[in-house]
Amino acid sequence: MARTWLSVTVELLGGRGEELWPCPGRVFAVGPRHTFWNLAESINDAFARWDRSHLSLFTLADGRLITDQVTGAEWVGSAAGPVTAIMDIEATRISSTVGLGEEFQFTFDLGDDWIHRCEVASAKIDPEVELGLVPVSPRPYWGWGSIPDQYGRGWNGDDGEAPPPRRPSQPHPMLMRTWPHEGQVAELDMGAVYHAIQDNDVDGFLASVMGCDIDGALQLLGSEIPSLLLTARERVEPLALSIVNRLTMRGWEGDQELSEDLVARLRREPLGGRVAPVDLTTFSDELEGDANTSMGGYLDLETGFTFGTDFLDAMIVGKENAIDVDADPDRWLHFDCVGSRSGWQDMADFTERQRDAGLNERLKRAIEGRGAFRRFRDIVQNDDVGEQWNFFSRERQIGRARAYLAEEGIRVGDPAAGVTP
């Protein structure tokens, strides 16, 4: 589409006798056919006006006024009315009234006088480039600042005299990621998930995850999506999109990489990097092994298998099992063992997810000081959350392994198909 739309910056200067600074603002894409009434409605949407039973008025730089016909007739007939006729807000098009670089004013509620400074950019825009679509009405595509309530109310029931409500001692469960509450969403049965994967049962896989809390297993589940897309794309696509969105919101290590790979798979595009069929479970174990005793290892980028440095020595593993990394250097990725330096943070984050106050407190005490790993493992095993911890820890390790490989320019997938496993 051609660059035929205006870009209009709208800043709220103040209202109800108060000046706002810094001024909150929004940048709107405005089409050739949009009227000032369309823009007024879009501005009120963007600035959260819920009561629209107030008059609106545009003032141009040359003093002309734009409002509704009834208000205009009353304004012209008043003692302070304008000399020239008022323009109809519902019929006057913006593009034929103001030019590039020009400034005009919008006033909402002629009693409280919420004043907005509007400025047309010096160049026109293509809405498909800026917004990705051609909207029906003027659409904001950039913005900043806090939006004041049109009546100055700070809370529900604010009458200007009563004190504000007391702030709760704890954040809302939504902020604590403990909402929905326990029991509202079914717990994911990873046993059923793995059983469906082993049987290549698409229906069983979907049935095992739908309606369940999957946010703690996105790496594990996302790794299975591409192969399922090959056999049942139409049924699997909604789940794939949900996982992409959840990965983006969660933002753990490796989530961005997996999200990008799933999007590429949905678009039938090649992955960005060298694709290797890596067994992430085994690789992550080797990568985060004991750094004091492990010398790291080698990842076979053709088979996806991981080998410790002992496999370089035929005297230790046998001639038939030894590997020769010098014969084909491009086939092998050497890695150093990073150890369990991320393990403590995993324990801390797992602790925060526990909704049982008693268990949460015991785990917090356990992870402080020397011996934290041993004390933590004893508690999770004795409190029957050991399986939850194992899945959580595995999820984090796989994500870190995926991120590590991405930094090396390697994407996990089937090289022949160019998809993520």
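Residues numbered from 1 in each chain as written. Predicted model: local features only at pLDDT ≥ 70, side-chain atom pairs only at ≥ 80, totals over all residues. Heavy atoms only, no water.

I'm lost on the overall build of the chain in this one. Help?
On a plain count of helices and strands, the chain comes out with 14 helices and 16 strands. A compact globule built from 421 residues should have a C-alpha radius of gyration of about 22 Å, whereas the chain, at 30 Å, is more than 25% larger. When the backbone C-alpha atoms are referred to their principal axes, the chain occupies close to 105 × 55 × 40 Å. The buried share of the chain, taken over its 421 residues, is 41%. In the chain, of all internal contacts separated by at least 6 residues, the share reaching a separation of at least 24 is 66%. Looking at the chain as shown, the accessible area adds up to about 23,400 Å², and 50% of this sits on carbon and sulfur atoms. With 40 positive and 70 negative side-chain charges, the chain shows a spacing of 1 Å between the two charge centroids. (Helix = DSSP H or I, 4+ residues; strand = E, 2+ residues; numbered from the N terminus. Rg over C-alpha atoms; globule rule 2.2 N^0.38 Å. Buried < 20%, exposed > 50% of the residue type's maximum accessible area, 1.4 Å probe, protein only. Contact = heavy atoms within 4.5 Å. Areas by Shrake-Rupley, 256 points an atom, 1.4 Å probe, with all protein chains shown as cover. Lys, Arg positive; Asp, Glu negative; His and termini not counted. Charge placed at Lys NZ, Arg CZ, Asp CG, Glu CD.)

I tried to follow the pattern of salt bridges on my own but got confused; where do I start?
Side chains that differ in sign of charge can pair as their charged atoms come close. Counted under the stated rule, the structure contains 23 salt bridges. Among the salt bridges present, the one from Glu41 reaches Arg52, with a minimum N-O distance of 3.4 Å. Placement of Glu41 in helix 1 (residues 36-46) and of Arg52 in the loop between helix 1 and strand 4 (56-60) is noted, with a sequence separation of 11 residues between them. Residue classification places Glu41 among the partly exposed positions, given a relative accessible area of 26%. The partner of Asp285 in a salt bridge is Arg394, and the shortest N-O contact between them spans 3.0 Å. Pair noted here: Asp285 is in helix 9 (residues 280-287) and Arg394 is in helix 14 (residues 386-407), with a separation of 109 residues, a long-range link. On the basis of relative accessible area, Asp285 is assigned to the partly exposed category, the value being 38%. Assessed through its relative accessible area of 21%, Arg394 is described here as partly exposed. When salt bridges with common partners are traced through the structure, they connect Glu288, Asp346, Asp349, Arg396 and Arg400 into a single cluster. (Salt bridge = Lys/Arg side-chain N within 4 Å of Asp/Glu carboxyl O.)

Please clarify how the sheet that holds strand 15 (residues 332-335) should be interpreted in this entry.
The strand order across the open sheet built from three strands is 14-13-15, with neighbouring strands paired in antiparallel fashion. Edge positions in the sheet fall to strand 14 (306-308) and strand 15, since each has one partner strand and no second. Pairs of neighbouring strands in the sheet enclose a mean axial angle of 25°, with direction left out of account. Note: strand 13 (residues 297-300) against strand 15, four bridges, orientation antiparallel. Bridge pairing in strand 15 links Tyr298 to His334. (Pairing = 2+ DSSP bridges. Axes fitted to C-alpha atoms, helices over the stretch in contact; angles between N-to-C directions.)

Explain the side chain of Arg396 to me, please; I cannot follow it from the model alone.
For Arg396, the position within the fold is in helix 14. By relative accessible area, Arg396 is classed as buried at 10%. With sequence-adjacent residues up to four places away left out, Arg396 is seen in contact with Trp252, Gln345, Asp346 and Asp349.

Explanation requested: the pairing of strand 4 in the structure shown.
Working note: regular strand, side chains alternate between the two faces of the sheet. For strand 4, the buried fraction is high: four of the five residues fall into the buried class. Pairing between strand 4 and strand 7 (residues 103-108): five bridges, direction antiparallel. Along strand 7, the bridge assignment pairs Phe58 with Phe106. Pairing analysis gives two bridges linking strand 4 to strand 5 (residues 65-67), with the strands arranged antiparallel. When the sheet's bridge partners are listed, Thr59 is paired in strand 5 with Leu65. Linkage of strand 4 to strand 5, two consecutive antiparallel strands, is achieved through a turn of four residues, within which Gly63 is found at a positive phi near 95°.

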